[in-house]
Amino acid sequence: LQHPQRLRSLAIHNITLYTQDSLSLTGVTLPELRTLKLGMRDDPFEKSMAREYGWPMLQERFFQGSPKLHHLELARFGFPWTISSPLALVSLDLEHDSEERGKVSIQDIFLFLRNSVPVLQYLRLREILPCAGRFTPETPVCLPHLRKLWLLDSHADDRCLTFWESLSVPPSCSIYI
């Protein structure tokens, strides 16, 4: 990337495990970045390789170097749910493969939403939610600015409803399950 410090928007799709190393956003500081869209190639070979060697993942230090990031969309990328500092994200769109959802706990997702995205307005989770079992937070996770919530899941259980019931959102928020 030439002049990464000036980038405001970056979208890269069809990333392979072989090309992700050359992409390496982990050591790059992108102070003006507002929108980031990354997507791994959606094919069986890439998925089997990723299951064996690990899915690419943005690290917490990437977010520290991109303080103006407002819109994040990741398809088949790992996400660091245990980010310790608040982010300026307004929209978050995450998609993964249903086989990988067991690598994140519902508790980590709730903690992230409670502590790391205070201005979140749009949240879309596709094939992300693990089976919650009987876990629900003691107090609902408050997302006071949320305008739209999309929960998409191919499982025929109640994980999306259980997740939604664990949130406190404004009455004007549109919910799509």
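Placed above this text is the structure.
In this text the structure is predicted, and so the values were computed from the model without any measurement.

Parameters and conventions
Residues numbered from 1 in each chain as written. Predicted model: local features only at pLDDT ≥ 70, side-chain atom pairs only at ≥ 80, totals over all residues. Heavy atoms only, no water. Buried < 20%, exposed > 50% of the residue type's maximum accessible area, 1.4 Å probe, protein only. Helix = DSSP H or I, 4+ residues; strand = E, 2+ residues; numbered from the N terminus. Pairing = 2+ DSSP bridges. Phe/Tyr/Trp six-rings, centres within 6.5 Å; stacked < 30°, edge-to-face > 60°. Axes fitted to C-alpha atoms, helices over the stretch in contact; angles between N-to-C directions. Core = buried A, V, L, I, M, F, W, Y, C linked by side-chain atoms within 4.5 Å. Contact = heavy atoms within 4.5 Å. Patch = residues over 30% accessible without salt bridge, like charges linked within 9 Å, V, L, I, M, F, W, Y side chains within 5 Å. Areas by Shrake-Rupley, 256 points an atom, 1.4 Å probe, with all protein chains shown as cover. Salt bridge = Lys/Arg side-chain N within 4 Å of Asp/Glu carboxyl O. Arc of directions from axis to C-beta.

Remarks on the pairing of strand S2 (residues 35-40)
Okay, so step 1: Along S2, 5 of the 6 residues are buried, which leaves the element largely enclosed by surrounding structure.
Okay, so step 2: By the bridge criterion, 5 bridges tie strand S1 (residues 9-15) to S2 in an arrangement that is parallel. In the sheet register, Ile15 faces S2, and the bridge partner there is Met40.

Thoughts on the packing of aromatic side chains
Okay, so step 1: Taken as a whole and assessed by the stated rule, the structure comprises 7 aromatic pairs.
Okay, so step 2: Plain terms: the ring middles of Trp81 and Phe112 are 5.3 Å apart, the flat faces sit at 90° to each other, and that makes the pair edge-to-face. You can see Trp81 sitting in the loop between strand S3 (71-75) and strand S4 (91-95) and its partner Phe112 sitting in helix H4 (residues 106-115), a full 31 residues away along the chain. The same class applies to Trp81 as to Phe112, namely buried.
Okay, so step 3: Consider the rings of Trp150 and Tyr176, whose centres lie 5.6 Å apart with planes at 15°: the pair is stacked. With Trp150 in strand S7 (residues 148-152) and Tyr176 in strand S9 (residues 174-176), the pair connects residues that are 26 residues apart, well separated along the chain.

Observations concerning the sheet that holds S2
Okay, so step 1: Taken in spatial order, the 7 strands line up as S1-S2-S3-S4-S5-S7-S9 in an open sheet, and their pairing is parallel. Each of the sheet's edge strands pairs with one partner strand only, and the pair in question is S1 and S9. Averaged over neighbouring strand pairs, the angle between their axes works out to 5° when direction is ignored.

Looking at the nonpolar core
Okay, so step 1: Of all hydrophobic cores here, the largest spans 47 residues; its most connected members are Leu72, Phe79, Leu113 and Phe163.
Okay, so step 2: Of all the elements, H4 adds the most residues to this core, at 5 residues.
Okay, so step 3: Apart from residues no more than four positions distant in its own chain, Leu113 is found in contact with Leu120, Leu123, Val141, Leu143, Phe163 and Leu167.

A word on a nonpolar patch on the surface
Okay, so step 1: The grouping of Leu161, Trp164 and Ile177 at the surface amounts to a nonpolar patch, some 280 Å² of accessible area in total.
Okay, so step 2: By the secondary structure assignment, Leu161 is in helix H5 (residues 159-165).

Here we look at H4
Okay, so step 1: Taken together, the buried positions of H4 are occupied by Ile106, Ile109, Phe110, Phe112 and Leu113. Summarising the axial view, the buried residues of H4 lie within an arc of 160°, below the 170-degree limit, and thus occupy one face.

What about the side chain of His96?
Okay, so step 1: Relative to the elements of secondary structure, His96 occurs in the loop between S4 and H4.
Okay, so step 2: In this view, His96 contacts Trp55, Arg76, Phe77, Gly78, Arg126, Glu127 and Ile128; residues no more than four positions away in its chain are not counted.

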